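Residues per chain, in single letters:
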Amino acid sequence: MSVTESLLTRHLAYSAEVRARGGLAAKGTQKVAVVACMDSRVDVFAVLGLNPGEANVIRNAGGVVTEDTIRSLTISQRLLGTEEIILIHHTDCGMLSFTDDELCRALEEETGVRPAWAPGFFTDLADNVRRSITRIKASPFIPRTDAVRGFVLDLATGRLEEVDAAAA
């Protein structure tokens, strides 16, 4: 059995649970959007004590605030009613292990095409959280930027450490 088939079998229990609760709300009941890394070690719902239907969760490699992240946050606030934004980066992130140029060069050598997108590597977790907060606050499309906070999740302890957005 493939991994996908195994996961679909497990899905049946989830589906039964959702039906028993009467479905899931379309809008996050906590009015918060969370931007986090896609790393499988980061369980956003467990870290923040959330349940399905309580928050909009946007994930990508490194939790980097990209143009697509801005798009998702814009929709989250303007159409789904979120009012706060939480960023979660984490220790031991793979985005610390390469440079954009290294990955783009390797992809170009393998495929003959250089990607039009930047991978978004970074060398400092806290600095990247601050840059991400700055990108969100600078966007004319995101109306509520007074409650944007960023954190680094320590994977060894499970603790969130808030990043001082004003620190340089």
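Residues numbered from 1 in each chain as written. Predicted model: local features only at pLDDT ≥ 70, side-chain atom pairs only at ≥ 80, totals over all residues. Heavy atoms only, no water.

### Structural notes on the nonpolar core
- Ranked by internal contacts, the top residues of the largest apolar core, which has 21 residues, are Leu73, Ile85, Leu87, Cys93, Phe122, Ile136 and Ile142.
- Among the elements that make up this core, the one with the highest residue count is helix 5 (residues 125-138) (four residues).
- In this view, Cys93 contacts Cys37, Gly62, Phe122 and Leu125; residues no more than four positions away in its chain are not counted.
- Val42, Ile88, Phe151 and Leu153 belong to the second-largest nonpolar core, a separate cluster that totals 11 residues. (Core = buried A, V, L, I, M, F, W, Y, C linked by side-chain atoms within 4.5 Å. Buried < 20%, exposed > 50% of the residue type's maximum accessible area, 1.4 Å probe, protein only. Helix = DSSP H or I, 4+ residues; strand = E, 2+ residues; numbered from the N terminus. Contact = heavy atoms within 4.5 Å.)

### Notes on the pattern of salt bridges
- Tallied over the full model, the rule gives 10 salt bridges.
- Of the charged contacts, one joins Arg114 and Glu108 as a salt bridge, the two residues approaching to 3.4 Å between their closest N and O atoms.
- You can call Arg114 partly exposed: its relative accessible area is 37%.
- In this structure Glu108 comes out as partly exposed when scored by relative accessible area, which is 32%.
- Among the salt bridges present, the one from Asp127 reaches Arg131, with a minimum N-O distance of 2.5 Å. (Salt bridge = Lys/Arg side-chain N within 4 Å of Asp/Glu carboxyl O.)

### Examining the sheet that holds strand 5 (residues 160-163)
- An order of 2-1-3-4-5 is seen for the five strands of this open sheet, with the pairing classed as mixed. With partners counted over all chains shown, the strands left at the sheet margins are strand 2 (55-60) and strand 5, one partner each. Each strand of the sheet is rotated relative to its neighbour by a mean of 25°, with strand direction disregarded.
- Where strand 1 (residues 32-37) and strand 2 come together, six bridges link them in parallel fashion. Counterpart to Ala36 in the pairing with strand 2 is Arg59.
- Of the strands in this sheet, strand 1, strand 2 and strand 3 (84-90) touch helix 3 (residues 67-78), which is tilted by about 175° from strand 2. (Pairing = 2+ DSSP bridges. Axes fitted to C-alpha atoms, helices over the stretch in contact; angles between N-to-C directions.)

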